[in-house]
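Given next are the chains, with one letter for each unit.
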Amino acid sequence: MALLKKLIGAALVLGVAGAGACWLLSAPVKLDTDTLAQLGPGNAARGKRIFYAGGCTSCHAKPGSQGEARLQLVGGLELKTPFGTFVPPNISQDPKDGIGAWTVEDLANAMLKGVSPSGEHFYPAFPYASYARMKPADIADLYAFLKTLPAVAGKAPDNSLSFPFNIRRGLGLWKRLYLSNQPVIALADGTPDPVLAGRYLVEGPGHCGECHTPRELSGGTRKSQWLAGATAAEGSGIVPNITSGEGGIGDWSEADIANYLETGFTPDFDSVGGAMVDVQRNMARLTPEDRTAIAAYLKAVPPHPNGYPARSKPAK
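Only a predicted model underlies this, so the values are computations on that prediction, with no experimental measurement involved.

**Student:** I'd like a description of the overall build of the chain, backed by residues and values.
**Tutor:** Each helix and strand in the chain was counted, giving 13 helices and 5 strands. The proportion of buried residues among the 316 residues of the chain is 44%. By sequence separation, contacts in the chain at least 24 residues apart represent 65% of the contacts at least 6 residues apart. Of the roughly 16,300 Å² of accessible surface on the chain, 60% is carried by carbon and sulfur atoms.

This is the structure in structure tokens:
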């Protein structure tokens, strides 16, 4: 009986210690002072490029909006996933319902660390796992551009998540597995500059891997199948393989890829469809050099077979 009591006591001590360790390991971590010092003053003209590279309007514009209304970043789009329904928030300059009261440091912590101004974890439906690879100076430029956009009142609905996904603290452990500022694809010394520039755009602000890469059960991207295509996070659709592997875009030239990003037409004169319509619209706002760089990088990515079931058919 005495031995049993000792064992129970030891188990309780270990349990409390384990819970304490998890609590510490899951704590939100903000940027260090050295990184914050790299933000700089920001430039709105350069920030406009980052805004479109990052596809901010695709999630944060009011659903169905067109033209200049797409710059009213009121949020409200419903993203229905196996983890629950995520709703991108208002990121307009409204100081109450949007992010008008945020500092540039707040935006940098949100995008590079997934941490809110109040010190809470953001859910990775906000693709900070990709934005973490961005340069702090680009975040400052984006902040300067966002300041030129209108303030729009109106709070977006809250996320609707079931247990245990509604416990934000657990995201701290998820980040330890999946949040990194290191490139996904290692490139050899002497890699041409356009390929390096394309890697930055695709892996960072463009966050292409968030949709085009299969995911683990925990929701992290499976980097061993980078850009191999995946089952869509919403519904039963398929996001295509954009590597040169079987089922991918190996027969597309760099010029074909760049033209598709600019015009929305594939090499066989089909047109862009599905969620890619919004992405292509954003890519068309970049420079020709940016689209060429993206194409050069995609041709340099290791080829993979399709990352989704063989019976499935990808959208354009």
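Structure's up, so let's keep going.
**Student:** Give a detailed account of the sheet that holds strand β1 (residues 79–81), specifying residues and quantitative values.
**Tutor:** Pairing in this open sheet of 3 strands is antiparallel, and the strands run β1-β2-β3 from one edge to the other. In this open sheet, the two strands that pair with only one neighbour each are β1 and β3 (160–161).

**Student:** Could you give me a rundown of helix α11 (residues 254–263), with the residues and numbers involved?
**Tutor:** Taken as a whole, α11 has its buried residues at I257, A258, Y260 and L261. For α11, the angular spread of buried residues about the axis comes to 155 degrees, placing them on one side. Here the buried face of α11 lies against α12 (276–283) and α13 (288–300). Immediately beyond the C-terminal end of α11, within one or two residues, lies G264, with a positive phi of roughly 85 degrees.

**Student:** I'd like a description of the nonpolar core, backed by residues and values.
**Tutor:** By size, the foremost hydrophobic cluster in this structure holds 55 residues, and its most contacted members are F51, M134, I139, L146, L227, I294 and Y297. Those residues in contact with I294 that sit more than four places away from it in its chain are G198, L201, V202, L261, M283 and L286. Among the nonpolar cores identified, the runner-up in size contains 5 residues, and F86, Y123, L161 and L171 belong to it.

**Student:** I'd like a rundown of the state of the cysteines, residues and numbers included.
**Tutor:** Considering all chains together, one arrives at 0 disulfides under this definition. With no disulfide of its own, C56 has C59 as its nearest cysteine by sulfur position, at a separation of 9.1 Å. On the accessibility criterion, C56 (12% relative accessible area) is buried. Of all cysteine sulfurs, the one in C211 lies closest to C208, which takes part in no disulfide; the gap is 8.8 Å. A residue is classified by how much of its surface remains accessible, and C208, at 23% relative accessible area, is partly exposed.

**Student:** Got a sec to walk through the packing of helix α5 (residues 104–113) against helix α7 (residues 136–146)? Specific residues and values, please.
**Tutor:** Direction vectors running N to C along α5 and α7 enclose 120 degrees, while the axes themselves pass 9 Å from each other. Looking at the two axes, α5 sits oblique to α7. Where α5 crosses over α7, the handedness of that crossing is right-handed. The residues of α7 that touch α5, namely those facing V104, L107, A108, M111 and L112, are P136, I139, A140, L142, Y143 and L146. In terms of residue class, the contact of α5 with α7 is made up of 11 nonpolar, no polar and no charged.

**Student:** Hey, could you go over the side chain of D106 for me, with residue numbers and the actual values?
**Tutor:** Its place among the elements puts D106 in helix α5. For the buried D106, which has no salt bridge, the nearest side chain bearing the opposite charge is K30, at an N-O separation of 5.2 Å. Apart from the residues lying within four places of it in its own chain, the contact partners of D106 are A101, V115 and P117.

**Student:** Residues and numbers for the environment of A53, please.
**Tutor:** With respect to the element layout, A53 can be found in helix α3 (residues 44–53). Among the residues examined, A53 registers a relative accessible area of 4% and is labelled buried. Counting along the chain gives 149 residues from A53 to V202, while the straight-line C-alpha distance between them is 8.8 Å. Not counting residues within four places of it along the chain, the set of residues in contact with A53 comprises L201, P205, G206, M283 and L286.

Each value, and the rule that gives it
Residues numbered from 1 in each chain as written. Predicted model: local features only at pLDDT ≥ 70, side-chain atom pairs only at ≥ 80, totals over all residues. Heavy atoms only, no water. Helix = DSSP H or I, 4+ residues; strand = E, 2+ residues; numbered from the N terminus. Buried < 20%, exposed > 50% of the residue type's maximum accessible area, 1.4 Å probe, protein only. Contact = heavy atoms within 4.5 Å. Areas by Shrake-Rupley, 256 points an atom, 1.4 Å probe, with all protein chains shown as cover. Pairing = 2+ DSSP bridges. Arc of directions from axis to C-beta. Core = buried A, V, L, I, M, F, W, Y, C linked by side-chain atoms within 4.5 Å. Disulfide = S-S within 2.5 Å. Axes fitted to C-alpha atoms, helices over the stretch in contact; angles between N-to-C directions. Parallel < 35°, antiparallel > 145°, perpendicular 65-115°, else oblique. Left-handed = near helix turned anticlockwise from the far one by under 90°. Nonpolar A, V, L, I, M, F, W, Y, C, P; charged D, E, K, R; others polar. Lys, Arg positive; Asp, Glu negative; His and termini not counted. Salt bridge = Lys/Arg side-chain N within 4 Å of Asp/Glu carboxyl O.

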